[in-house]
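A structural walkthrough
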Number of protein chains: 2
Amino acid sequence: MTRKGELLRQRIVAAADELFYQQGYENTSFNDIANAVEISCGNFYFHFKSKDEILKAVIDKRLENIKHMLVDWEQNYHKPIDKLLAYIDMLYSNQGNIKNHGCPIGVMCTELNKANHFMLSDAVEMHTLFKDWLTQQFELLGKGKEANQLSMHLLARAQGIASITHTFENTDFLKKEIKQLKEWLKDTIK
Amino acid sequence: MTRKGELLRQRIVAAADELFYQQGYENTSFNDIANAVEISCGNFYFHFKSKDEILKAVIDKRLENIKHMLVDWEQNYHKPIDKLLAYIDMLYSNQGNIKNHGCPIGVMCTELNKANHFMLSDAVEMHTLFKDWLTQQFELLGKGKEANQLSMHLLARAQGIASITHTFENTDFLKKEIKQLKEWLKDTIK
DNA sequence: GTCTATATCGAGATAGAC
DNA sequence: GTCTATCTCGATATAGAC
């Protein structure tokens, strides 16, 4: 693959990523993506064998992004509590997108689940990356066997906040919930 | 409309309701519904002008179900706290469906939102019915201006629990979360 | 009221010119 | 590598016989 071809491929994946988030995977046609990248519909198949392959590239990209994010948090924060707070703050900084499109992970898992899509497990892996990392932080805080349940609790709270913020298009709710979630965290780890 | 025709119409709506929940609206074709009800695909259009009209009938039916449920709870429980607990217990009794298909309301709102479907607002009304009723209970408990936020908090917790239970196909998580949610409620209203 | 046959449309995907 | 033209398929929807 030449440099130019590789760059176009990345642009396709980036456009697909955004469109899948905004409109969903099935509602996004090749034409939508082709228009966004300004290529012809046929050109697509030089870079990807099928629509599923684009989805795979999008999920892989998201997984890489999450891994990088976790590495960054590892480097920037040292105390487990600060790492957990970084996760919660992600909700705050993404509030605009959440209001408009929901949680990208949750929404994609829901869609692939309904469609009984074979790539569902890859999408769930996005959740698992966060879950395992959060579990680790709770373990470092001495939560032992409870750590996994606490991690999933945090995931669920985040999903719930994203879902209701999206449905009611209400970021005030999100802000208040984030405060409460931080209080819950403080009470839980002490 | 004759009695027989009306009955068939109800069977169609019931089958569509179930299939929309299990597979999603867009993934469910007329053929799927026709097979379930054992009628021909053409026969459909005698009872409904379009697929959207079936969706409308399904949403209307769900709205009616929710209203009846709330009336039942009003009749069976007298203290606001018991009414709030009835809402939480609904999660417990639906755990099997939640594990397999998620929350029917949340999942439908997500799908219609992505598809930018004009009937989204009707689906959101399902959430609003619960929200307003829960708000009322918190008001009766003297929560005043906080009542709405508490109601939305409860909705969000339920959505989050349903989402994670579904994604990880884990009802143990759901059971533990329900316990915690009841404790939160107890602490909140005292 | 219910059926079969068919129209229509947009999607993913392919072929082959350039 | 990128394009245009085309294929195929499944979906919603319609027409008209019975």
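Residues numbered from 1 in each chain as written. Chains lettered and ligands numbered in written order. Predicted model: local features only at pLDDT ≥ 70, side-chain atom pairs only at ≥ 80, totals over all residues. Heavy atoms only, no water.

A closer look at the overall build of chain A
Along the backbone of chain A there are ten helices and zero strands. Helices and strands appear in chain A in the N-to-C order α-α-α-α-α-α-α-α-α-α. With respect to the three principal axes, the spread of C-alpha positions in chain A is 60 × 35 × 30 Å. Every one of the 190 residues in chain A was classed for burial, and the buried ones make up 53%. For chain A, the accessible surface area stands at approximately 9,300 Å², while carbon and sulfur atoms represent 49% of it. Mean positive and mean negative side-chain charge positions of chain A (24 and 25 charges, respectively) differ by 3 Å. (Helix = DSSP H or I, 4+ residues; strand = E, 2+ residues; numbered from the N terminus. Buried < 20%, exposed > 50% of the residue type's maximum accessible area, 1.4 Å probe, protein only. Areas by Shrake-Rupley, 256 points an atom, 1.4 Å probe, with all protein chains shown as cover. Lys, Arg positive; Asp, Glu negative; His and termini not counted. Charge placed at Lys NZ, Arg CZ, Asp CG, Glu CD.)

Quick look at the domain arrangement of chain A
All names here are of chain A. Under the domain assignment, chain A is made up of domain 1 (1–49) and domain 2 (58–188). Computed from C-alpha coordinates alone, the two centres of domain 1 and domain 2 are separated by 27 Å. Facing the ten residues of domain 1 at the interface are 13 residues of domain 2. Of the roughly 1,000 Å² buried between domain 1 and domain 2, counting both surfaces, carbon and sulfur atoms make up 58%. It is D17, Y21 and Y25 in domain 1 that bury the most area against domain 2; as a group they hold 58% of the surface buried on that side. Two residues, R62 and D17, come together in a salt bridge whose shortest N-O distance is 2.8 Å. Applying the counting rule to domain 1 against domain 2 returns six residue pairs in polar contact (both at pLDDT 80 or more). Across the side of domain 1 that touches domain 2, the residue classes tally to six nonpolar, two polar and two charged. (Domains from an automatic or database assignment. Contact = heavy atoms within 4.5 Å. Buried area = accessible area lost by both parts, 1.4 Å probe. Salt bridge = Lys/Arg side-chain N within 4 Å of Asp/Glu carboxyl O. Polar contact = N/O pair within 3.5 Å; in protein donor to acceptor, adjacent residues only side chain to side chain. Nonpolar A, V, L, I, M, F, W, Y, C, P; charged D, E, K, R; others polar.)

Looking at the nonpolar core
With 64 residues, the main nonpolar core has I33, F44, I54, Y87, F130 and L154 of chain A as its most contacted residues. Among the elements of the structure, α1 (3–23), α2 (30–37), α4 (51–76), α5 (80–93), α7 (104–114), α8 (120–140), α9 (147–167) and α10 (171–189) of chain A are those that each provide at least two residues to this core. Once you skip the residues sitting within four places of it in the chain, F130 of chain A turns out to touch I66, M69, L70, W73, Y87, M90, I105 and L155 of chain A. Counting residues in hydrophobic clusters, the runner-up holds 63 residues, among them I12, I54, A86 and L181 of chain B. (Core = buried A, V, L, I, M, F, W, Y, C linked by side-chain atoms within 4.5 Å.)

Section: the pattern of salt bridges
Residue and element names in this part refer to chain A. The full count for this structure, using the stated rule, is 18 salt bridges over all chains. With a shortest N-O distance of 3.3 Å, K49 and E53 are connected by a salt bridge. Judged by relative accessible area, K49 falls into the exposed class, the value being 68%. The salt bridge partner of E74 is K83, with a shortest N-O separation of 2.9 Å. Using a relative accessible area of 30% as the deciding quantity, one classes E74 as partly exposed. Connected through salt bridges with shared partners, the residues D17, K61 and R62 form a single ionic network.

A short note on the packing of aromatic side chains
Tallied over the entire structure, the rule returns 14 aromatic pairs over all chains. Between F138 of chain A and W184 of chain A, the aromatic rings sit 6.4 Å apart at their centres with planes inclined by 70°, giving edge-to-face as the arrangement. With F138 of chain A in helix α8 and W184 of chain A in helix α10, this residue pair connects regions lying 46 residues apart in the sequence. Judged on exposure class, the residue F138 of chain A and its partner W184 of chain A are both buried. In this structure an aromatic cluster arises from ring pairing among W73, Y87, F130 and W133 of chain A. If you follow K51 of chain A out to its NZ or CZ, it ends over the ring of Y25 of chain A, 4.4 Å from the centre. Directly above the ring of F168 of chain B sits K131 of chain A, whose terminal nitrogen or CZ lies 5.6 Å from the centroid. (Phe/Tyr/Trp six-rings, centres within 6.5 Å; stacked < 30°, edge-to-face > 60°. Lys NZ or Arg CZ within 6 Å of the ring centre and 35° of its normal.)

Quick word on the relation of the copies chain B and chain A
Once turned by 180° and shifted 0.0 Å along the axis, chain B lies on chain A with an RMSD of 0.0 Å. Here the transformation between the copies is reduced to the relation of a two-fold axis. Taking the C-alpha atom as reference, chain B places G160 of chain B closest to the rotation axis, 1.9 Å from it. (Least-squares fit on C-alpha atoms with pLDDT ≥ 70 in both.)

Some points on the interface of chain B and chain A
Counting from both sides, the interface comprises 36 residues of chain B and, opposite them, 36 residues of chain A. Surface buried jointly by chain B and chain A totals about 3,100 Å² across both partners, of which 60% is contributed by carbon and sulfur atoms. On the chain B side of the interface with chain A, the three residues burying the most area are K114, Q149 and F168 of chain B, jointly 23% of the side's total. Between chain B and chain A we count zero salt bridges in total. For the pair chain B and chain A, the number of links is ten residue pairs in polar contact (both at pLDDT 80 or more). A total of 13 residues in the side of chain B that touches chain A trace back to one element, the largest contributor, which is helix α9 (residues 147–167) of chain B. Of the residues belonging to the side of chain B that touches chain A, the class tally is twelve nonpolar, 18 polar and six charged.

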